[in-house]
Protein chains: 2
Amino acid sequence: MAFVNENYLKLPGSYLFSEIARREKQFRQENPDCDLIKMGIGDVTRPLPPAVIEAMHQAVEEMGQQKTFRGYGPEQGYEFLIEKIIEHDFKPRGVDLAVNEVFISDGAKTDTANFQEIFGMGNILAVTDPVYPVYVDSNVMAGRTGIYNNDKGQFEGIVYLPCNQENGLKPALPSTKADMIYLCYPNNPTGTTLSAEELKKWVDYARDHKAIILFDAAYEAFIREDGVPHSIFEIEGAREVAVEFRSFSKTAGFTGTRCAYTIVPKEVMVYDSKGEAHSLNKLWLRRQTTKFNGVSYPIQAATAAVFSEAGKQQVKETIDYYMDNAAIIRAGLEKAGYTVFGGVNAPYIWLKTPGQMGSWEFFDKLMKEANVIGTPGAGFGASGEGFFRLTAFNTRENTERAIERIRTRIV
Amino acid sequence: MAFVNENYLKLPGSYLFSEIARREKQFRQENPDCDLIKMGIGDVTRPLPPAVIEAMHQAVEEMGQQKTFRGYGPEQGYEFLIEKIIEHDFKPRGVDLAVNEVFISDGAKTDTANFQEIFGMGNILAVTDPVYPVYVDSNVMAGRTGIYNNDKGQFEGIVYLPCNQENGLKPALPSTKADMIYLCYPNNPTGTTLSAEELKKWVDYARDHKAIILFDAAYEAFIREDGVPHSIFEIEGAREVAVEFRSFSKTAGFTGTRCAYTIVPKEVMVYDSKGEAHSLNKLWLRRQTTKFNGVSYPIQAATAAVFSEAGKQQVKETIDYYMDNAAIIRAGLEKAGYTVFGGVNAPYIWLKTPGQMGSWEFFDKLMKEANVIGTPGAGFGASGEGFFRLTAFNTRENTERAIERIRTRIV
């Protein structure tokens, strides 16, 4: 008799985005003529940059010709792309990487979800609260946590690090044992960042405790202010204790095109029960070569064009566009008296709901009265209760209309 | 302190294809002018069909325009592709499938490797011997096996089903408990098939034992003879106990383009420790929506063109080309006195090495004397010892030259 992985049964039945979709659908049925503006999910709206389109066409052409056709590529990605990543994303920031420390994949979601596989079951997870649900769910499915505590809205066996108004949304170091620490900066959902000094504390903690930091830098391209680290490897000692996840999804509009990468320095070690050290880089290589067959060649060729002169300029324009949206949201909400976080170095705006209103109550109010859809903070964790996330990825027009509606209709 | 997943340490240090690469590299260094012909790995050489190229160009164009740009798609794939798959790959064979029973992915390797995740750790694996290594390795990494027994060349805790000359390379039903049964037909590496009657025995076994058959049909398109089932779902009762993996890699030359799909019927159930049934379809949906973000839109759009009239014709021509190669290999080897399996409904030819020669010894002899690279059967499992795999994916010219060399130089 085939048995189920019972860890899956620990997952709560209703998921954030399906619950949002359910409420939206019902509202649309009751209000068929409503003009809803979606400021909820993190999907982009601007087309792919022309340089990317051109490179993809060219690669497609290559795939149709006998002489230039490409079959299986390296599972870890083509060197032509990896070299561009190192040269443009890391060298200018003083970070030296070897080609075999960069692994191309089809998404940061995939990588952040799969990476836990190479760790033993006994490791204890630390996550910020609120948090991107994939870090937690993938570990729950693997069996690295206890059951879900409905009252707390948390899984047993995970160290949650609250980010609230009191601590300025900045998590404290774990006060109990933690071996795998997920950090996401610029942060989803709060839109906040850590300074180099603050990040250094985490690297030092990890070095002291032989813990690993799983650093999600998917929103790095949105950093506008000087002094905010773009990569954890800008921090001294990080090469010993950190891996970093990057994505082209938000940077270059690749949410439907799918390309990302993960940095695993050769110095990062995990230990077996005899205390012997094992290279995380080698383990991840083994995982990827066994369970993955690389990203589509036309997609990798198109991604390389993100780093051309034209591509860089075009990507910058798209990022500027979204960040101007973010500024409009921030300014509009502040003017209306909201307490607002994020939106300066991230495409996410995290607002405090007015009058201690619950996240879901505010969701309903916003949908019904302003016809704007956002994301309830409570959906990202217990400490997200009383907060709400808006994203900067809609069109300028819709962004301006949404903020105008919030300002005039929500009182 | 972060601990390693110690199951990874069970994997033997040297892998089949890296050992082949090592020996090839050394030979090339010693013989810089040699003209090696590679008949080893299963990679295709013919370009993508023109209909696919055209559709991909069009989709790339859509991604560059605001109005037609696509961001996140459904994790389980676009309905426009799923509907075509059902209509063309299954309906004509009397197999009815619902849209939500088909999951599009980036590869059958990925799916066959990941699918085990939704099963409990207590399940016992059954695999044929020889076998495609990914089924075994992915389960080893997950911890569903014991240690590797070097003498046997097998992992403890797996039920191996030998396929040898005595049983005509057809595995017997497991004689001891087995819950997850991996079958691959047309088979990699042996190139053999099962009749509907033979496959029915496996379905009946699975129904009797509430076991699940993980059926890899990646080479289905190469079936030339009538009466060979193309899908396990042509077999009565299979919808209760089987999932099926399909790939466009070999069919339409997608090894570097990446698209595949997996069928999970709603009736397939796995059980928890209380005996309660859980839908495998729902579990896989949860796995994919949590850990995967779907296949690139341009790739899915291109894949749909495989099913256009022009696409079907072009794919048929490519398959014919490879299968003509297979016939040349088979006929040539038989003429030279080899005992040969496969190559009729599969792109793989499985030959008995002459004079009880070991697989690796034959590999070296073939490389050194005929300058042809193949794959030692022993690399696919203990029962593969004394066998050797050649593939039909090279060019016509190289295939003919390779066989001529084997006939004239290997004595």
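Residues numbered from 1 in each chain as written. Chains lettered and ligands numbered in written order. Predicted model: local features only at pLDDT ≥ 70, side-chain atom pairs only at ≥ 80, totals over all residues. Heavy atoms only, no water.

### A closer look at the pairing of strand S3 (residues 125–129) of chain A
Residues and elements named next belong to chain A.
Here is step 1: Of all 5 residues in S3, 5 are buried, a share of seventy percent or more.
Here is step 2: Of the two faces of S3, the one lined by Leu125, Val127 and Asp129 and the one lined by Ala126 and Thr128 are each fully buried.
Here is step 3: Two strands pair when backbone bridges link them, and S3 and strand S6 (residues 158–162) are joined in this way by 5 bridges, in the parallel orientation. The residue bridging valine 127 from the neighbouring strand is tyrosine 160, located in S6.
Here is step 4: Sheet topology note: the S3/strand S7 (residues 180–184) ladder contains 3 bridges and is parallel. Considered in S7, the bridge of alanine 126 is made with isoleucine 181. (Buried < 20%, exposed > 50% of the residue type's maximum accessible area, 1.4 Å probe, protein only. Helix = DSSP H or I, 4+ residues; strand = E, 2+ residues; numbered from the N terminus. Pairing = 2+ DSSP bridges.)

### What about the relation of the copies chain A and chain B?
Here is step 1: When chain A is fitted to chain B, the best match, at an RMSD of 0.0 Å, comes from turning it 180° and sliding it 0.0 Å along the axis. The symmetry that links the two subunits is that of a two-fold axis. For chain A, the smallest separation between a C-alpha atom and the rotation axis is recorded for histidine 57 of chain A, amounting to 3.0 Å.
Here is step 2: In this assembly the copies share their binding face: 100% of the residues contributing to the interface of chain A also contribute to that of chain B. (Least-squares fit on C-alpha atoms with pLDDT ≥ 70 in both. Contact = heavy atoms within 4.5 Å.)

### Remarks on the interface of chain A and chain B
Here is step 1: Taken together, the contacts link 77 residues of chain A with 77 residues of chain B.
Here is step 2: Of the roughly 6,800 Å² buried at the junction of chain A and chain B (both faces included), carbon and sulfur atoms supply 56%.
Here is step 3: Among the residues chain A hides against chain B, the three largest losses belong to Met1, Tyr72 and Arg286 of chain A. Together they make up 11% of the total.
Here is step 4: Our count for the chain A to chain B interface comes out at 4 salt bridges. (Buried area = accessible area lost by both parts, 1.4 Å probe. Salt bridge = Lys/Arg side-chain N within 4 Å of Asp/Glu carboxyl O.)

### Focus on the packing of helix H2 (residues 50–63) of chain B against helix H8 (residues 297–304) of chain B
All names here are of chain B.
Here is step 1: It is the contact of H2 with H8, at a shortest axis distance of 8 Å, that shows an interaxial angle of 145°. Relative to H8, the crossing made by H2 is right-handed. Taking contact as the criterion, the partners of Val52, Ala55, Met56, Ala59, Val60, Glu62 and Met63 in H2 are, on H8, Tyr297, Pro298, Ile299, Ala301 and Ala302.
Here is step 2: Residue classes in the contact of H2 with H8 are distributed as 11 nonpolar, no polar and 1 charged. (Axes fitted to C-alpha atoms, helices over the stretch in contact; angles between N-to-C directions. Left-handed = near helix turned anticlockwise from the far one by under 90°. Nonpolar A, V, L, I, M, F, W, Y, C, P; charged D, E, K, R; others polar.)

### Re the domain arrangement of chain A
Many authors give the size of an interface as the accessible area that is lost as the parts come together.
Residue and element names in this part refer to chain A.
Here is step 1: Annotation of chain A at the domain level lists domain 1 (13–42 + 310–409) and domain 2 (53–307).
Here is step 2: If you average the C-alpha positions of domain 1 and of domain 2, the two centres end up 26 Å apart.
Here is step 3: Taken together, the 27 residues of domain 1 in the interface contact 33 residues of domain 2.
Here is step 4: Both sides together, the interface formed by domain 1 and domain 2 hides about 2,500 Å², and carbon and sulfur atoms give 61% of it.
Here is step 5: Counting across the interface, domain 1 meets domain 2 through 1 salt bridge.
Here is step 6: A salt bridge links arginine 224 to aspartate 320; the nearest nitrogen and oxygen atoms lie 2.8 Å apart. (Domains from an automatic or database assignment.)

### Notes on the pattern of salt bridges
Side-chain pairs of opposite charge can arise where the charged atoms are in close proximity.
Residues and elements named next belong to chain A.
Here is step 1: Per the counting criterion, the structure on display carries 50 salt bridges over all chains.
Here is step 2: In this structure, arginine 28 and glutamate 24 form a salt bridge, with 3.0 Å as the shortest nitrogen-oxygen distance. In this pair, arginine 28 and glutamate 24 are both assigned in helix H1 (residues 16–30), 4 residues apart and thus about one turn of the helix distant.
Here is step 3: With a relative accessible area of 10%, glutamate 24 lands in the buried category.

### Observations regarding the nonpolar core
Here is step 1: If you look at the biggest cluster of nonpolar residues, it comprises 269 residues, and the most contacted ones within it are Leu280 of chain A together with Leu280 of chain B.
Here is step 2: With near-sequence residues (within four places) excluded, leucine 280 of chain A lies in contact with Phe115, Ile118, Phe119, Ile212, Val243, Val264, Val268 and Val270 of chain A. (Core = buried A, V, L, I, M, F, W, Y, C linked by side-chain atoms within 4.5 Å.)

### Thoughts on the UniProt feature "binding site: pyridoxal 5'-phosphate" (unreviewed entry) in chain A
Residue and element names in this part refer to chain A.
Here is step 1: UniProt tags Tyr72, Ala108, Lys109, Tyr132, Asn188, Tyr219, Ser247, Phe248, Ser249, Arg258 and Asn293 as "binding site: pyridoxal 5'-phosphate" (unreviewed entry). In terms of the greatest pairwise C-alpha distance, the residues named above, spread along 222 residues, do not form a single cluster, extending to 34.5 Å across.
Here is step 2: Note that alanine 108 resides in helix H4 (residues 108–114).
Here is step 3: Overall, alanine 108 belongs to the buried group, its relative accessible area being 10%.
Here is step 4: The contacts of alanine 108, once residues within four sequence positions are left out, are Arg246, Ser247 and Ala260.
Here is step 5: Along the chain, tyrosine 219 falls in the loop between strand S8 (212–216) and strand S9 (242–247). (UniProt positions renumbered as here; feature names shortened; annotations may be inferred.)

### Notes on the sheet that holds strand S17 (residues 387–391) of chain B
All names here are of chain B.
Here is step 1: Taken in spatial order, the 4 strands make up an open sheet running S13-S14-S17-S16, and their pairing is antiparallel. If you trace the sheet from one side to the other, it starts and ends with strand S13 (340–342) and strand S16 (375–376), each paired once.
Here is step 2: Strand direction decides the pairing type here: S13 and strand S14 (residues 348–352), joined by 3 bridges, are antiparallel. Considered in S14, the bridge of valine 340 is made with leucine 351.

### As for the UniProt feature "modified residue: N6-(pyridoxal phosphate)lysine" (unreviewed entry) in chain A
Here is step 1: What UniProt calls "modified residue: N6-(pyridoxal phosphate)lysine" (unreviewed entry) maps, in this numbering, to Lys250 of chain A.
Here is step 2: Along the chain, lysine 250 of chain A turns up in the loop between S9 and strand S10 (260–263).
Here is step 3: Excluding residues within four positions of it along the chain, lysine 250 of chain A makes contact with Gly42, Val44, Tyr219, Phe222, Thr255, Ile319, Tyr348 and Phe393 of chain A together with Tyr72 of chain B.
Here is step 4: Among the polar contacts listed, one links the side chain of lysine 250 of chain A to the side chain of tyrosine 219 of chain A, at a separation of 3.2 Å. (Polar contact = N/O pair within 3.5 Å; in protein donor to acceptor, adjacent residues only side chain to side chain.)

### Quick notes on the packing of helix H3 (residues 79–90) of chain B against H8 of chain B
Each pair of packed helices gets described by two things: the angle between the helix axes and the distance between those axes.
Residue and element names in this part refer to chain B.
Here is step 1: At a closest axis distance of 9 Å, the pairing of H3 and H8 adopts a crossing angle of 30°. The pairing of H3 with H8 is recorded here as roughly parallel in orientation. Crossing geometry of H3 relative to H8 is assigned as left-handed. Along its contact with H3, which presents Phe80, Leu81 and Lys84, the element H8 presents Tyr297, Gln300, Ala301, Thr303 and Ala304.
Here is step 2: In terms of residue class, the contact of H3 with H8 is built from 5 nonpolar, 2 polar and 1 charged. (Parallel < 35°, antiparallel > 145°, perpendicular 65-115°, else oblique.)

### As for helix H6 (residues 196–209) of chain B
Residues and elements named next belong to chain B.
Here is step 1: For H6, spanning 14 residues, the distance from its first C-alpha to its last is 20 Å, which sits close to the expected 20 Å at 1.5 Å a residue.
Here is step 2: Among the residues of H6, those classed as buried are Leu199, Trp202, Val203, Tyr205 and Ala206. End-on, the buried residues of H6 take up no more than an arc of 155°, which puts them together on one face. Seen from the open side of H6, the exposed residues pointing more than 90 degrees away from its buried face are Glu197, Lys201 and Asp208.
Here is step 3: Its buried side turned inward, H6 meets strand S6 (158–162), strand S7 (180–184) and strand S8 (212–216).
Here is step 4: Looking at the residues trailing H6, positive phi occurs at lysine 210, about 50°. (Expected span 1.5 Å × (residues − 1). Arc of directions from axis to C-beta.)

### A word on the sheet that holds S6 of chain B
All names here are of chain B.
Here is step 1: On the basis of which strands lie adjacent, the open sheet formed by 7 strands has the order S2-S10-S9-S8-S7-S3-S6 and mixed pairing. Looking along the sheet, the strands with just one partner apiece sit at the ends: strand S2 (102–105) and S6. Between one strand axis and the next, the sheet turns by 20° as a mean value, whatever way the strands run.
Here is step 2: Sheet strands touched by H3: S2, strand S9 (242–247) and strand S10 (260–263). Its angle to S2, the strand with the most contacts, is close to 115°.
Here is step 3: Where helix H5 (residues 133–142) meets the sheet, its contacts fall on strand S3 (125–129), S6, S7 and S8, and the angle it forms with S7 comes to roughly 155°.

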